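Spelled out from the first residue to the last, the chains are:
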Amino acid sequence: MTSRAESPGGHGQVPVNGEPRLVVAAAITDDLDSPQLLFAARRNAPPVFAGLWEFPGGKVDEGESPEEALHRELAEELGVEVELGDEIVGPDAPAELPGIGSTGPVWELRAPDAAGPRLVMRVWWATLKPSADGGEPQPQPLEDHDLLRWLEPGAWRDVPWLPADERIVEALLRDAVERNRRGWC
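Rules of the game
- Residues numbered from 1 in each chain as written.
- Predicted model: local features only at pLDDT ≥ 70, side-chain atom pairs only at ≥ 80, totals over all residues.
- Heavy atoms only, no water.
- Helix = DSSP H or I, 4+ residues; strand = E, 2+ residues; numbered from the N terminus.
- Areas by Shrake-Rupley, 256 points an atom, 1.4 Å probe, with all protein chains shown as cover.
- Pairing = 2+ DSSP bridges.
- Salt bridge = Lys/Arg side-chain N within 4 Å of Asp/Glu carboxyl O.

Draft legend 1. Spotlight on the overall build of the chain. Counting secondary structure elements, the chain contains 2 helices and 12 strands. Its helices and strands in sequence order give the chain the pattern β-β-β-β-β-β-α-β-β-β-β-β-β-α, from N to C terminus. Per element, the accessible surface of the chain, about 9500 Å² overall, is 52% carbon and sulfur.

What follows is the structure, given as structure tokens:
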């Protein structure tokens, strides 16, 4: 029997003893059909990642679907709600996760090693939903981040991304170009 431990945020049980972990993230943009701007968040913790940029999101807790976890994480980290678009399917081997099953192709963040279990990510395009009063939503760095930035077209590579996120940025750029081409056809 595999043991489980309570997650630090009290959101449920998390895998231990080498079981793979699933992380979800949002590539927040201004437009799902023709993305121009890309939202990035700079980490302030843990120290090894402080100052590096990432896509907001976090770990999936037991009993949550990946999409539910992503909505929860974005509310906790940024205080926003999003509309999810297409998933940016990863190139790496699926993970078999307890309670979820196979993930399908993923983005591998960390291979299993002495430091911990395999860590894999799923990423979706997303746009911000209007705030409760109908106004323009204003993401805030509520958890794990000290700076937020909208990256302009041509500047998506201009921040020091977490190493695992660099190839996701490249995939997003390819997908954004294809979406824009379709928009002009």
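Draft legend 2. Looking closely at the sheet that holds strand β5 (residues 53-54). Across the sheet, which stays open at both edges, the 3 strands sit in the order β5-β4-β12 with antiparallel pairing between neighbours. Two strands in the sheet have a free side with no partner beyond their single neighbour: β5 and β12 (145-151). When strand β4 (residues 38-43) meets β5, the two strands line up antiparallel, connected through 2 bridges. By the bridge assignment, Arg 42 is partnered in β5 with Trp 53.

Draft legend 3. Here's a closer look at the pattern of salt bridges. In total, this model carries 12 salt bridges according to the counting rule given. For Glu 54, the salt bridge identified is with Arg 43, shortest N-O distance 2.9 Å. Taken as a pair, Glu 54 in strand β5 and Arg 43 in strand β4 lie far apart in primary sequence, 11 residues in all. A salt bridge links Arg 157 to Glu 170; the shortest N-O distance between them is 2.7 Å. Of this pair, Arg 157 sits in the loop between β12 and α2 (163-184) while Glu 170 is found in helix α2, placing the two residues 13 residues apart along the sequence. Here the salt bridges share partners, and the residues they tie into one network are Asp 61, Glu 64, Arg 72, Glu 73 and Glu 76.

Draft legend 4. Representation of unusual backbone geometry within the structure. In the segment running from Ala 45 into Pro 46, the intervening peptide bond is cis, with an omega of -15°. For Pro 46, the position within the fold is in the loop between β4 and β5. Of note in the backbone geometry, Asp 144 takes a positive phi value of approximately 70° without being a glycine. When you line up the elements, Asp 144 lands in the loop between β11 (119-128) and β12.

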